Amino acid sequence: MTTEQKQLVTATVPVLREHGILLTTHFYNRMFTHNPELKHVFNMGNQQNGKQQTALAMAVLAYAEHIDNPAVLMPVVDSIGHKHTSLDIRPEHYAIVGKHLLASISEILGDAATPKLLEAWAAAYQQLAAIMTGHEQSLYTKQINKNAGWTGWKPFIVKQKIKESSEIISFYLYPADGGDVAHFLPGQYISLRLFLPELNLLQPRQYSISCAPNGKYYRISVKREAGASHPDGLISNRLHDHIQEGDVVELSAPAGTFTLNENTSRPKVFISGGVGQTPLMAMLEELTGKQTDTPITWVHGCRNEAVHAFKDRLTQLADAYSNLNHHIFYDQPEIQTQYTGWVDLSKIKAAVLQADADYYICGPAPFIAKHYGFLVENGVDTASIHFEEFGPASLQLNN
């Protein structure tokens, strides 16, 4: 890109701040109108609830703000790259996206979209596409170099379907070819794809792997989402109601950057809300399975005991691993519990604030923001706090 082109892109930052979601909403509507086949690739639930439009607007704004030095965005590029490879996004998709993004800029800005501005954004997009496709190719290469690794979609058999709580069911997924499963890092997710008759579409969803690596199967633990008529809940309800033991589903290879740092014996503090405990459960099983001396603090909150998945498993792990302490919060307890109300770290401050600890937080965006803020206000280094928000990222925290 020329200096002039970078200046033109930078000059659009105020417009993107104010009208970014308008632009991305127009872009997605345009793209799905002209390329409806991409509805099979994108999560239409995130289209309906607006999360994808917001996430893209934030990403475009960040790129425009750092056009002089896009290398500072590599952590974001890495996270998006993992998400893209889990959805089998390929270079040819970037050409389609670029065409509709540039057309949307022209249509939204009108006369302000001068030929020079559109040329500048075309150059910027080509630069971004080159960065992303290059990184994603390296991720695909790493996948196929693993034992039993693959790219794209692969059939798996549901061999066990186990009820973990009144809302959550675990699915044990084995390769249909009878082979091993590729290794993953505790905390990573897989994408699962099903055909939804209600939408007449194939639809992908990401689910955290809720068990430690074992070489034989992946386990996902799925919460039934209320409101089957909304795309957000269609996959979870179909899994709960229609997918039975012996059925086949399609998976993409494990991906994700929210992973357990196993290269240190620093204390680990896991903080989760609801089904947000699933990636942390994989981390917990990995640590306790190795019987290290790592001190572990487990903090979890949910409505009540009936919806508390893995309650017995946690007790089992705590009985076998003396360095594991757990603190459970029930918002609507049916019997006397350890703690009543939403997770409140100030109530267990001494247990949570440990010298030189690593913190892992997973749950809804407000849950993460609240507990991240508490830790920072109490002197925890942001580099020691790791978090994952399910769905397209909407949080802007230092991570």
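Above: the structure in question.
Here we summarise the structure given alongside this text. (Residues numbered from 1 in each chain as written. Predicted model: local features only at pLDDT ≥ 70, side-chain atom pairs only at ≥ 80, totals over all residues. Heavy atoms only, no water.)

1. Considerations on the sheet that holds strand 8 (residues 296–302)
Strand pairing in a sheet is mediated by backbone hydrogen bonds. Such pairs are either parallel or antiparallel. The criterion, for reference: DSSP calls a pair of strands paired once it identifies at least 2 bridges connecting them. Only DSSP runs of H or I with at least four residues qualify as helices, and only runs of E with at least two residues qualify as strands; both kinds are numbered from the N terminus onward. Here, two residues are considered to be in contact whenever any of their heavy atoms come within 4.5 Å of each other. Whenever a helix is involved, its axis is fitted only over the stretch in contact; in every case the axis is a line through C-alpha atoms, and angles between N-to-C directions fall within 0 to 180 degrees.
On the basis of which strands lie adjacent, the open sheet formed by 6 strands has the order 10-9-8-7-11-12 and parallel pairing. Of all strands in the sheet, those bounded by a partner on one side alone are strand 10 (339–340) and strand 12 (385–389). Helix 12 (residues 365–377) rests against strand 7 (268–273), strand 11 (358–363) and strand 12 of the sheet, and its axis sits at about 155° to strand 11.

2. Notes on the sheet that holds strand 4 (residues 201–208)
Read across the sheet, 6 strands follow the order 4-3-6-1-2-5 without closing on themselves; strand pairing throughout is antiparallel. Unpaired on one side and paired on the other, strand 4 and strand 5 (218–223) mark the two borders of the sheet. Each adjacent strand pair in this sheet contributes to an overall mean axis angle of 40°, direction not counted. Across 6 bridges, the pairing between strand 2 (residues 168–175) and strand 5 is antiparallel. Note that in strand 5 the partner of Phe171 across the bridge is Ile220. Lying on the sheet, helix 5 (residues 74–86) is in contact with strand 3 (189–196) and strand 4; it crosses strand 3 at an angle near 40°.

3. Here's the deal with the pairing of strand 6 (residues 248–251)
The line we're drawing: Burial classes follow relative accessibility: with a 1.4 Å probe on protein chains only, a residue under 20% of its type's maximum area counts as buried, one over 50% as exposed, and anything between as partly exposed.
Judged by which residues are buried, strand 6 turns out to be one-sided: Val249 and Leu251 face inward and are buried, whereas Val248 and Glu250, on the alternate face, are not. Relative to strand 6, strand 1 (residues 154–163) runs antiparallel, the two being bridged by 4 bridges. Looking across to strand 6, one finds that Pro155 is bridged to Glu250. Bridge count for strand 3 against strand 6 is 2 bridges, and the pairing is antiparallel. Each bridged residue has a counterpart across the sheet, and for Leu192 the counterpart in strand 6 is Leu251.

4. Regarding the pattern of salt bridges
Convention followed: The working definition used for a salt bridge is a side-chain nitrogen of Lys or Arg within 4 Å of a carboxyl oxygen of Asp or Glu.
With the rule as written, the count across this model stands at 16 salt bridges. The salt bridge involving Asp358 is made with Lys268; its shortest N-O contact spans 3.8 Å. A residue pair is termed long-range when its members are at least 10 positions apart, and Asp358 in strand 11 and Lys268 in strand 7 qualify at 90 residues. Asp358 gets classed as buried once you look at its relative accessible area, which sits at 3%. Sharing partners across several salt bridges, the network here consists of Arg266, Lys268, Asp356 and Asp358.

5. Some remarks on the packing of aromatic side chains
Heads up, the condition is: For Phe, Tyr and Trp, rings pair up if their centres lie within 6.5 Å, where Trp contributes its six-membered ring, and each pair is then called stacked (planes under 30 degrees apart), edge-to-face (over 60) or tilted (otherwise). Only when the NZ atom of a Lys or the CZ atom of an Arg is both within 6 Å of the ring centre and within 35 degrees of the ring normal do we say a charge sits over the ring.
Per the counting criterion, the structure on display carries 14 aromatic pairs. Summarising the aromatic geometry, the rings of Phe27 and Tyr28 are spaced 4.8 Å apart at their centres and angled 55° between planes, so their arrangement reads as tilted. For the pair shown, Phe27 and Tyr28 are each scored as buried. Centroid distance Tyr172 to Tyr217: 5.2 Å. Interplanar angle 55°. Geometry classified as tilted. Here the residue Tyr172 occupies a position in strand 2, and Tyr217 occupies one in the loop between strand 4 and strand 5, the gap between them amounting to 45 residues. Exposure class is identical for Tyr172 and Tyr217. Each is buried. Within the aromatic cluster, the residues linked to one another by ring pairs are Phe27, Tyr28, Phe32 and Phe42. The cationic tip of Lys159 hangs over the ring face of Tyr174; the distance from NZ or CZ to the ring centre is 4.8 Å.

6. Section: the environment of Lys349
Summarising the element assignment, Lys349 is placed in helix 11 (residues 349–352). Distance from Lys349 to Gly301, taken between C-alpha atoms, is 16 Å for residues 48 residues apart in sequence. The contacts of Lys349, once residues within four sequence positions are left out, are Phe374 and Asn378.

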